[in-house]
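# Close look at the chain arrangement
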Amino acid sequence: MPLALFERREGADRISAVSAEAEALGLRPGLGVAEARARYPALDLVPGDPAADARLLEAVADWCDRYTPLVALDGPHSLLLDIAGCAHLFGGEQALMDDLLAKLAAQGFAAEAAVASTAGTASAIMASGASRLSVPPGGERAAVEALGLAALRLDPALAGSLHRLGLKCVGDLLALPRAALTRRFGADLACRLDEAVGASRRPIGPRRPVPLVIHERRLFEPVSLHEDILRLAGHLAARLREDLERRGEGARLLELALFRVDGRVERLMVRTGAPLRDPVRIERLFTERLKATGDEIDAGFGYDLVRLSVLATEDMAERQSDLGEDPKAPEETLAELLDRLSTRLGEACVFGLGDVASHRPERAQQRARHLCAPALAVPAHLRLDRGARPLRLFETPELVEATAEVPDGPIRQFRWRRAFYRVGRIEGPERIAPEWWREAAGPERDYFRVEDDHGRRYWLFRETLASSPVPGWFLHGLFA
């Protein structure tokens, strides 16, 4: 039965896509649903789902990563692949295109493709409906001259104006004087023409970060066991090590991509606390990642391509190990332990604290990636010898009711969160001046370390509120 999808456009339901059977009846996208029903009452009409189409295109783009890591979205129904430097791996450009279309057809997709030396030319050819066309370098203008104006993907209003003037193909526009064309229809039309004929290159924005180093293994027989996947990851990590050593760098962010035979792609990411090249440690990190996400990964009928990529690196100087060290008894360092914990538990669960150039306790530190990460850069004159700080610091100091025997004297008791606490001992004050260079510097604070009669210790400060001349007391943290 002929099938058509429809969407709401300009206040009316119009066909957005048709099956081959419906196309054979003469139905085309843009036709009104009422007219289509009147012509063919048996036509099966289904509401379109653009969000589902976008998700499907993203999945196809993931699958296309097996040909090149530079894959970009090109409109709602097409993709751009930069195959420069990759085509020879598949026997040439024509062989790559044929292999891609054959595998997509095996998955049930009716796909078309074109190869050109510039993205604008290839995009124009596909927009016009041509397929399986390979344009040699220098033949871009001849390839697009006979194409209709739809190849330029112009605004509908502009395309209508050009049609009314009798301009129906790209060659008609190329025959006109460029200055007059730009003056009457704008610079965008001239830019589209230059891209179509290869006079200017349209930049390609890859949908995923471009890896710095890639190694992959194509398999004749698919694998599905975790042991086989990890063994391949270790083999690829050993090949990565040579490239990283030549670059004088170590990996900080790695991705293991697993391409299923049915087109789905699983991606495992690991981040390291320090530059890393050791294949054994890399394999161990992916072992932890597989353990953490094992239930979420479905191997299906297996993976026929395994790729290990380095997405971020950092300079890594060569280091001479101790000559007396026993190589047969390696000891897990703090960095290795933290990498394993963050991989197993998640990056947000393992962190350290780094200094920040600020006097205020609530702004004096911030989260660092790892406990062993380099300290954040702080000017030497701001690295102060601070007093004891509580283990738990409140993000916002909490107001307390404190009483003293004499004004401005040591407090004897305070009330916090509806509970009274008697002060056994008090130490202070430690004065922290306001940061005058900030817009909201605030008043001075006098901090005290307070211990109640049960031995619990608190960090309180006294400051003068803007709304009252009487100093107020605040609880800012709790000691262990």
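We now turn to the structure provided with this report. Small disclaimer: the values here were computed from a predicted structure and weren't measured.

### Thoughts on the pattern of salt bridges
Counted by the stated rule, this structure contains 36 salt bridges. Among the salt bridges present, the one from Arg246 reaches Asp243, with a minimum N-O distance of 2.1 Å. Pair noted here: Arg246 and Asp243 are both in helix H11 (residues 226–247), with a separation of 3 residues, about one helical turn. Since its relative accessible area comes to 63%, Arg246 is described here as exposed. Owing to a relative accessible area of 17%, Asp243 belongs among the buried residues under this scheme.

### Digging into the sheet that holds strand E19 (residues 471–478)
Read once around its circumference, the closed barrel built from 6 strands follows the order E14-E15-E16-E17-E18-E19, with strand pairing classed as antiparallel. Put simply, the sheet's adjacent strands are angled 45° from each other on average, direction ignored. Where strand E18 (residues 457–464) and E19 come together, 7 bridges link them in antiparallel fashion. Looking at the pairing, Glu463 lines up with Gly472 of E19.

### A word on the packing of helix H9 (residues 178–185) against helix H10 (residues 187–196)
Between H9 and H10, the shortest axis-to-axis distance is 6 Å and the interhelical angle comes to 130°. Taken together, the axes of H9 and H10 lie oblique to each other. Residues Arg178, Leu181, Thr182 and Phe185 of H9 pack against Ala187, Leu189, Ala190, Leu193 and Asp194 of H10. Residues that form the contact of H9 with H10 fall into these classes: 6 nonpolar, 1 polar and 2 charged.

### A closer look at the pairing of E19
Where burial is concerned, most of E19 is hidden: 7 out of the 8 residues are buried. Here strand E14 (residues 392–404) pairs with E19 via 5 bridges, running antiparallel. Of the residues in E19, the one forming a bridge with Leu399 is Phe474.

### Examining the nonpolar core
Counting 28 residues, the largest nonpolar core has Ile229, Leu254, Leu256, Phe286, Val306 and Leu308 as the members making the most contacts within it. Of all the secondary structure elements, the ones that give two or more residues to this core are strand E8 (213–223), H11, strand E9 (249–260), strand E10 (265–276), helix H12 (279–293) and strand E11 (303–315). Among residues more than four places away in sequence, those in contact with Val306 are His215, Glu216, Arg217, Leu219, Leu232, Leu236, Leu256, Ala257 and Leu258. Ala114, Ala159, Leu181 and Leu193 belong to the second largest nonpolar core, which has 23 residues in total.

### Some remarks on the sheet that holds E8
Taking strand neighbours across the sheet as the criterion, the 4 strands line up as E8-E11-E9-E10 in an open arrangement whose pairing is antiparallel. Here the strands that pair on one side only, and so sit at the sheet edges, are E8 and E10. With direction set aside, neighbouring strand axes in the sheet form an average angle of 15°. Examined bridge by bridge, E8 and E11 share 7 bridges and lie antiparallel to one another. The partner of His215 across the bridge, within E11, is Leu308. Contacts from H12 reach E9, E10 and E11 within the one sheet, and its direction differs from that of E10 by about 135°.

### Side note on a nonpolar patch on the surface
Taken together, the side chains of Leu334, Leu337, Leu341 and Leu345 make up a nonpolar region of the molecular surface, amounting to roughly 340 Å² of accessible area. Mapped onto the secondary structure, Leu345 falls in helix H13 (residues 334–345).

### Some thoughts on helix H3 (residues 50–64)
The terminal C-alpha atoms of H3 lie 21 Å apart, and with 15 residues this matches the ideal 21 Å at 1.5 Å per residue to within 8%. For H3, every residue scored as buried is listed here: Leu57, Val60, Ala61, Asp62, Trp63 and Cys64. Tucked into the core, H3 has its buried residues touching strand E4 (71–73), strand E5 (79–81), helix H4 (93–106), E9 and E10.

### Concerning the environment of Thr118
Mapped onto the fold, Thr118 is located in the loop between strand E6 (114–115) and helix H5 (119–127). Exposure remark for Thr118: the relative accessible area of 5% places this residue in the buried category. The sequence separation of Thr118 and Asp82 amounts to 36 residues, and the corresponding C-alpha distance is 9.1 Å. Polar side-chain contacts of Thr118 include one of 2.8 Å to the side chain of Thr121.

Rules used in this analysis
Residues numbered from 1 in each chain as written. Predicted model: local features only at pLDDT ≥ 70, side-chain atom pairs only at ≥ 80, totals over all residues. Heavy atoms only, no water. Salt bridge = Lys/Arg side-chain N within 4 Å of Asp/Glu carboxyl O. Helix = DSSP H or I, 4+ residues; strand = E, 2+ residues; numbered from the N terminus. Buried < 20%, exposed > 50% of the residue type's maximum accessible area, 1.4 Å probe, protein only. Pairing = 2+ DSSP bridges. Axes fitted to C-alpha atoms, helices over the stretch in contact; angles between N-to-C directions. Parallel < 35°, antiparallel > 145°, perpendicular 65-115°, else oblique. Contact = heavy atoms within 4.5 Å. Nonpolar A, V, L, I, M, F, W, Y, C, P; charged D, E, K, R; others polar. Core = buried A, V, L, I, M, F, W, Y, C linked by side-chain atoms within 4.5 Å. Patch = residues over 30% accessible without salt bridge, like charges linked within 9 Å, V, L, I, M, F, W, Y side chains within 5 Å. Areas by Shrake-Rupley, 256 points an atom, 1.4 Å probe, with all protein chains shown as cover. Expected span 1.5 Å × (residues − 1). Polar contact = N/O pair within 3.5 Å; in protein donor to acceptor, adjacent residues only side chain to side chain.

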